[in-house]
Amino acid sequence: MPKPHDDVKKILNFILEKKGLPLRNQFEASLTLSGDLGLDSLDLAELTVRLEDRSGIDVFQNGIVKTIGELLAALESPSTP
Amino acid sequence: MVLFDTPWNLETLGTSVELRFDGSEKLPEINPEIWSRHRYVAASLPMGNLELIHSLEDQGFRFVETKFSLDLDLIASPEIPEEVKLLARRSRLERINSINAFELLLQQIQAGIFQTDRIALDPKFGIQTSAARYINWLRNSYGLESSPIDSILYREKSVGFIFTEAENNHLQIKLGGIFTSYDGRGYGALLIYHPIQMAKIKGLNRVKTEISSNNVGIWRLYQAFGFKIVEARYLLRRTNNA
């Protein structure tokens, strides 16, 4: 079963490729989605939907997620809605 | 120059008026009576006329924003971005037609959705005055069949709202926002997607709106849907507030 990190990596690289940006082998926990990765509103929409589809988890249910680390934490220990 | 009274500002900005210039005026002398009668005077002028803007600055006006009028031609069948289609499958509109739902919306606006609004950014006013102004506007419009207020539901949770009006052959997006607790998820696209669908259902040809230079992020989003800028105007204000 793929780990959350693999899913996140796959989705983010898919988005980066669409934007014509270089793919990454690794996404460090401290990277910010908007600032460091340059994701705009449409990219965040895609990330939201694809993560929901793959994990069934609303990673944003406990508030704003700004970094890769926060995203992985939300996927690894989702709270009950 | 044309002068418009703006009575909807009365409870928040005080008596107010808007002066609208067509650009042919060079150095207008504003009638001093305006200052004694109005606490907030806005001046709207076509972009690029620096002589006029400097003349207004000399008379105590301060720049607050450039306002862009946007237009989308639906007959040209613009493509909805793929990411938005995915998001939209989980979303729908629900008409706000109960006092309870309406008051919940006003609470969200009170919490400060419109942080880039010119009144919110103005050091003489701030976010609370800005929110009160929007709340007044919506209270005056609530229940009007011609300008509905709809809740945006995502997975059946209310995440924002749109306030629209059908005018002649187009739909005007008058106001819309995603609640602050749903920031950072890309839901902003739904503020544009749903009015486009609404206009198509009503058989309208165009969707129009106005955005501010203080909110560049939303322009990129409108651009992705195919909107074009059809007019740009500077907005300045002079206020008697201490």
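Residues numbered from 1 in each chain as written. Chains lettered and ligands numbered in written order. Predicted model: local features only at pLDDT ≥ 70, side-chain atom pairs only at ≥ 80, totals over all residues. Heavy atoms only, no water.

**Observations regarding the overall build of chain B**
And step 1. Helix and strand content of chain B: nine helices and ten strands.
And step 2. Rg of the C-alpha trace for chain B: 19 Å, near the compact-globule value of 18 Å for 242 residues, within the 12% margin.
And step 3. Along the longest, intermediate and shortest principal axes, the C-alpha atoms of chain B span 55 × 40 × 30 Å.
And step 4. Counted over contacts in chain B with a minimum sequence separation of 6, partners at least 24 positions apart contribute 70%.
And step 5. Counting every atom, chain B has about 11,600 Å² of accessible surface; 50% of that belongs to carbon and sulfur.
And step 6. Chain B carries 28 positive and 28 negative side-chain charges, and their two centres are separated by 5 Å. (Helix = DSSP H or I, 4+ residues; strand = E, 2+ residues; numbered from the N terminus. Rg over C-alpha atoms; globule rule 2.2 N^0.38 Å. Contact = heavy atoms within 4.5 Å. Areas by Shrake-Rupley, 256 points an atom, 1.4 Å probe, with all protein chains shown as cover. Lys, Arg positive; Asp, Glu negative; His and termini not counted. Charge placed at Lys NZ, Arg CZ, Asp CG, Glu CD.)

**Considerations on the packing of helix α5 (residues 99-110) of chain B against helix α7 (residues 127-141) of chain B**
All names here are of chain B.
And step 1. Viewed as axis vectors pointing N to C, α5 and α7 meet at an angle of 155°, and their least axial separation amounts to 9 Å. Our classification of the angle between α5 and α7 gives roughly antiparallel. Note that α5 runs across α7; the crossing there is right-handed. Counted together, F102, E103, L105, L106, I109 and Q110 of α5 and Q128, A131, Y134, I135, L138 and R139 of α7 form the full contact between these two elements.
And step 2. When the residues that make up the contact of α5 with α7 are grouped by side-chain class, the tally is eight nonpolar, two polar and two charged. (Axes fitted to C-alpha atoms, helices over the stretch in contact; angles between N-to-C directions. Parallel < 35°, antiparallel > 145°, perpendicular 65-115°, else oblique. Left-handed = near helix turned anticlockwise from the far one by under 90°. Nonpolar A, V, L, I, M, F, W, Y, C, P; charged D, E, K, R; others polar.)

**Quick notes on the interface of chain B and chain A**
A common way to report how large an interface is uses the accessible area buried once the components associate.
And step 1. Contacts between chain B and chain A engage 19 residues on the former and 15 residues on the latter.
And step 2. Buried area between chain B and chain A, summed over both chains or domains, comes out near 1,500 Å², and the portion from carbon and sulfur atoms is 58%.
And step 3. Considering only the side of chain B, the residues that lose the most area to chain A are E83, L86 and R185 of chain B, jointly responsible for 39% of the buried surface there.
And step 4. Remark: the boundary between chain B and chain A carries four salt bridges.
And step 5. For D53 of chain A, the salt bridge identified is with R90 of chain B, shortest N-O distance 2.1 Å.
And step 6. Elements with a contribution of two residues or more to the side of chain B that touches chain A: α4 (82-88) and α9 (216-224) of chain B.
And step 7. Considering every element that reaches the side of chain B that touches chain A, the biggest residue donor is α4 of chain B, with four residues.
And step 8. Grouping the amino acids of the side of chain B that touches chain A by side-chain chemistry returns nine nonpolar, four polar and six charged. (Buried area = accessible area lost by both parts, 1.4 Å probe. Salt bridge = Lys/Arg side-chain N within 4 Å of Asp/Glu carboxyl O.)

**Quick look at the sheet that holds strand β7 (residues 157-167) of chain B**
Residues and elements named next belong to chain B.
And step 1. Strands sit in the order β1-β2-β3-β10-β4-β9-β8-β7-β6-β5 across an open sheet of ten strands; the sheet is mixed. Only two strands of the sheet have a single neighbouring strand rather than two, namely β1 (2-5) and β5 (91-95). With strand direction ignored, the average angle separating the axes of adjacent strands in the sheet is 30°.
And step 2. In terms of strand pairing, strand β2 (residues 16-20) meets strand β3 (residues 40-46) through five bridges, oriented parallel. Paired with V17 across the two strands is V41, which belongs to β3.
And step 3. Docked against the sheet, helix α3 (residues 50-58) engages β3, β4 (62-73) and β10 (228-239), running at close to 20° with respect to β10. (Pairing = 2+ DSSP bridges.)

**Looking at the pattern of salt bridges**
And step 1. The full count for this structure, using the stated rule, is 24 salt bridges over all chains.
And step 2. Two residues, D7 of chain A and R54 of chain A, come together in a salt bridge whose shortest N-O distance is 3.1 Å. Here D7 of chain A is found in helix α1 (residues 4-18), whereas its partner R54 of chain A is found in helix α2 (residues 41-55), with 47 residues between them in sequence.
And step 3. The exposure class of D7 of chain A is buried, given its relative accessible area of 13%.
And step 4. Each of K18, E46 and R50 of chain A together with E83 of chain B takes part in a single network of salt bridges with overlapping partners. (Buried < 20%, exposed > 50% of the residue type's maximum accessible area, 1.4 Å probe, protein only.)

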